[in-house]
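Given next are the chains, with one letter for each unit.
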Amino acid sequence: MMTTTATATRSEHGTPTITFSNLVDKLQQHYGLPAPPPSTDPLELIIWENIAYLASDERRAEAFATLKRSIGTRPEQILAAKHSALAAIGKAGILPDVSAEKLLAIAKIAYEEFDGDLRVALKKPLPQAKKALKRFPSPQFRSEVLVVQNDIEK
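Residues numbered from 1 in each chain as written. Predicted model: local features only at pLDDT ≥ 70, side-chain atom pairs only at ≥ 80, totals over all residues. Heavy atoms only, no water.

Asker: Would you mind going over the packing of aromatic side chains in detail, with residue names and values included?
Answerer: All told, the structure shown has two aromatic pairs when counted by the stated rule. Taken together, a centroid distance of 5.5 Å and an interplanar angle of 70° make the contact between Trp48 and Phe64 edge-to-face. Taken together, the residues span a long stretch of sequence, with Trp48 in helix H2 (residues 42–50) and Phe64 in helix H3 (residues 57–70) at a distance of 16 residues. Residue Trp48 shares its accessibility class with Phe64, and that shared class is buried. Between Phe114 and Phe136, the aromatic rings sit 5.8 Å apart at their centres with planes inclined by 25°, giving stacked as the arrangement. Highlighted residues: Phe114 in helix H6 (residues 96–114) and Phe136 in the loop between helix H8 (126–133) and helix H9 (142–153), separated in sequence by 22 residues. The exposure class assigned to Phe114 is buried, which follows from its relative accessible area of 16%. (Phe/Tyr/Trp six-rings, centres within 6.5 Å; stacked < 30°, edge-to-face > 60°. Helix = DSSP H or I, 4+ residues; strand = E, 2+ residues; numbered from the N terminus. Buried < 20%, exposed > 50% of the residue type's maximum accessible area, 1.4 Å probe, protein only.)

Asker: Which residues make up a nonpolar patch on the surface, and what are the values?
Answerer: Among the surface-exposed residues, Tyr53, Leu54, Ile94, Leu95 and Val98 lie close enough to one another that they form a single nonpolar patch of about 480 Å² accessible area. Checked against the element boundaries, Tyr53 lands in the loop between H2 and H3. Of the residues examined, Tyr53 reaches a relative accessible area of 40% and is grouped as partly exposed. (Patch = residues over 30% accessible without salt bridge, like charges linked within 9 Å, V, L, I, M, F, W, Y side chains within 5 Å. Areas by Shrake-Rupley, 256 points an atom, 1.4 Å probe, with all protein chains shown as cover. Salt bridge = Lys/Arg side-chain N within 4 Å of Asp/Glu carboxyl O.)

Asker: Before we move on, can you summarise the packing of H2 against H3 with the specific residues and values?
Answerer: Running from amino to carboxyl end, H2 crosses H3 at an angle of 125°, the nearest separation of the two axes being 9 Å. Between H2 and H3, the interaxial angle falls into the category oblique. For the element pair H2 and H3, the recorded crossing hand is right-handed. Contacts between H2 and H3 involve Glu44, Ile47, Trp48, Glu49 and Asn50 on the former and, on the latter, Asp57, Arg60, Ala61, Phe64, Leu67 and Lys68. Each residue belonging to the contact of H2 with H3 can be placed in one class, and the counts come to five nonpolar, one polar and five charged. (Axes fitted to C-alpha atoms, helices over the stretch in contact; angles between N-to-C directions. Parallel < 35°, antiparallel > 145°, perpendicular 65-115°, else oblique. Left-handed = near helix turned anticlockwise from the far one by under 90°. Contact = heavy atoms within 4.5 Å. Nonpolar A, V, L, I, M, F, W, Y, C, P; charged D, E, K, R; others polar.)

The structure is reproduced here in structure tokens:
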């Protein structure tokens, strides 16, 4: 029988033996620094998440670059684009028509409800910022947008 030795993370009294910042330092030493986000613009981060369903990071990056180059990422640019052009970009993942519909929905919400700029909404108190982000698809990504936006403002 093989046994392994593990370092305890709590003392016998239940108090942590390692701080969070020390844990982060150890993770960075092992894995290196995380890659920077694909954009610092909160709207672009939401677009990034929805541009190509179930695509690899590389294919998603290619699709995002194509969107930026050929159509643009501002809400009015996406709203003016043909559905077929958005679906062609969405072919980087599966369900390209669904990706196109999501991009149009995102652009419409950003344009009509936020004047095309989410930064203003994300500077509000946290409950209001979360409420603003709930208007968009990709619930798993909302908190990441808040974290990135918060880091940028520091």
